[in-house]
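Inside the fold
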Amino acid sequence: MDSSAVLSLFRESGALHEGHFKLSSGLHSPGYLQCALVLQHPAHAEALGRALGDKLRDLHATVVLSPALGGLIIGHEVARALGVRAIFAERQDNALTLRRGFSLAPDDRVVVIEDVVTTGGSTRETMAVAMAAGATVVGAGAIVDRSGGSPGLEVPFKALVTLNLATYAPEQCPMCARGEPIIKPGSRK
Ligand SMILES: [Zn+2]
């Protein structure tokens, strides 16, 4: 599945909108992405997981670790493709933690999977959970790379598609300057 096929899947599912958006942060952007809308279709989730798993297969992972909640479904599907376990870390007292009896062994080779990587911060935090548990992180992956192609991780990183969706402070927004009407995602027309 090449990046244009992935983008078509996102557009068909209403998961990628192009226009003029006010994000929850208050910043304006020419694009809005909601991976859950494509992953709500199990067949799409499976296909994306298989495509991402193929890019990571050479790393010989023994387990996929995802941060809850956004990484759960795609992490599970990548693990299915690789034939390994899928576990997740979740927030407890603001720190990502392995709960529910999930464990990692010293010989585990971990790939960290998320839906979208923007700054890489959450991926790094999830990598730290695996390392603190004594395992080795061998790579990371995401469906969408919004970092501009360099999330600055210390391990190999693969994404199915790279998107450059700029964000602007309202007073610096070129779309506002052109007088384009703004849409707040999630609100009904
Ligand atoms: Zn604007």
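Residues numbered from 1 in each chain as written. Predicted model: local features only at pLDDT ≥ 70, side-chain atom pairs only at ≥ 80, totals over all residues. Heavy atoms only, no water.

**Quick notes on the coordination of the zinc ion**
Distances from the zinc ion to its protein donors, His20 (NE2), His28 (ND1), Cys173 (SG) and Cys176 (SG), fall at 2.1 to 2.3 Å. Mapped onto the polypeptide sequence, the residues donating to the zinc ion form the spacing pattern H-x7-H-x144-C-x2-C. When its relative accessible area of 2% is taken as the criterion, Cys173 is described as buried. We classify Cys176 as partly exposed; its relative accessible area is 34%. (Donors = N, O, S within 2.8 Å, 3.2 Å for Na, K, Ca; no water. Buried < 20%, exposed > 50% of the residue type's maximum accessible area, 1.4 Å probe, protein only.)

**Some thoughts on the side chain of Asp115**
Along the chain, Asp115 falls in strand β6 (residues 109–117). Once residues lying within four places of it in the same chain are set aside, the contact partners of Asp115 are Cys35, Gly70, Gly71, Ile74, Ala142, Ile143 and Val144. (Helix = DSSP H or I, 4+ residues; strand = E, 2+ residues; numbered from the N terminus. Contact = heavy atoms within 4.5 Å.)

**Some thoughts on the nonpolar core**
By size, the foremost hydrophobic cluster in this structure holds 32 residues, and its most contacted members are Phe10, Leu48, Val78, Ile113, Ile143 and Val144. Those elements giving two or more residues to this core turn out to be α1 (3–12), α2 (36–39), α3 (42–56), α4 (72–82), β6, β7 (136–145) and β8 (157–162). With residues near it in sequence (within four places) discarded, Val144 still touches Phe10, Leu33, Cys35, Asp115, Val116, Val117, Ala159, Val161 and Leu163. In this structure, Val63, Met127, Leu153 and Val155 belong to the second largest nonpolar core, which totals 21 residues. (Core = buried A, V, L, I, M, F, W, Y, C linked by side-chain atoms within 4.5 Å.)

**Considerations on the packing of aromatic side chains**
Under the defined criterion, the tally for this structure stands at two aromatic pairs. Ring centres of Phe21 and Tyr32 lie 6.0 Å apart, and the angle between their planes is 35°; this geometry places the pair in the tilted category. Of this pair, Phe21 sits in strand β1 (residues 16–22) while Tyr32 is found in strand β2 (residues 28–33), placing the two residues 11 residues apart along the sequence. Measuring from ring centre to ring centre gives 5.0 Å for Phe88 and Phe102, while their planes differ by 80°; the resulting arrangement is edge-to-face. Within this pair, whereas Phe88 is found in strand β4 (residues 85–92), its partner Phe102 is found in the loop between β5 (95–98) and β6, the two being separated by 14 residues in sequence. Looking at Phe88, the relative accessible area reads 18%, which means it is buried. (Phe/Tyr/Trp six-rings, centres within 6.5 Å; stacked < 30°, edge-to-face > 60°.)

Keep in mind these numbers describe shape, not what the thing actually does.
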